[in-house]
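Descriptive analysis of the structure
Each chain, written out:
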Amino acid sequence: MERVNARLKVFWGADDGNITGARRFHAYLGAVLIVHAGFATLLATSPRWEGTLSKMRLSPVAKMLRAQLHD
């Protein structure tokens, strides 16, 4: 929740004072939260990329530990 609050404040500018009036502020935050929910749904339903994140290779010890975990 803290990340969402920080994103609302920093990225969307919810607390910079440019939005005046309670109705306008609540409408703005409602629209932003709908966009967040839409993107979250889109990301949750998209296929995942299966692969490595870097070129790092596992050491022999790490390979043995991984093999023992999967057996």
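Quick note: structure is the one above.
Below is a short write-up of the structure. (Residues numbered from 1 in each chain as written. Predicted model: local features only at pLDDT ≥ 70, side-chain atom pairs only at ≥ 80, totals over all residues. Heavy atoms only, no water.)

On to the overall build of the protein, then. Tallying secondary structure elements over the protein gives three helices and zero strands in all. Secondary structure elements of the protein occur, N-terminal to C-terminal, as α-α-α. Evaluated residue by residue, the protein yields a buried proportion of 8% over its 71 residues. Approximately 6800 Å² of the protein is accessible, and the part contributed by carbon and sulfur atoms is 64%. (Helix = DSSP H or I, 4+ residues; strand = E, 2+ residues; numbered from the N terminus. Buried < 20%, exposed > 50% of the residue type's maximum accessible area, 1.4 Å probe, protein only. Areas by Shrake-Rupley, 256 points an atom, 1.4 Å probe, with all protein chains shown as cover.)

Both the distance between ring centres and the angle between the ring planes are used here to describe each pair of aromatic rings. A complete count under the given rule lists one aromatic pair for this structure. Between Phe 11 and Trp 12, the aromatic rings sit 5.3 Å apart at their centres with planes inclined by 90°, giving edge-to-face as the arrangement. Residue Trp 12 is classed as partly exposed on the basis of its relative accessible area of 28%. (Phe/Tyr/Trp six-rings, centres within 6.5 Å; stacked < 30°, edge-to-face > 60°.)

This part is about helix α2 (residues 22-45). Spanning 24 residues, α2 covers 34 Å between terminal C-alpha atoms, matching the ideal 34 Å at 1.5 Å per step. Looking at α2, one finds that the buried residues are Leu 29, Val 32 and His 36. Residues of α2 that are buried make contact with α1 (2-10). (Expected span 1.5 Å × (residues − 1). Contact = heavy atoms within 4.5 Å.)

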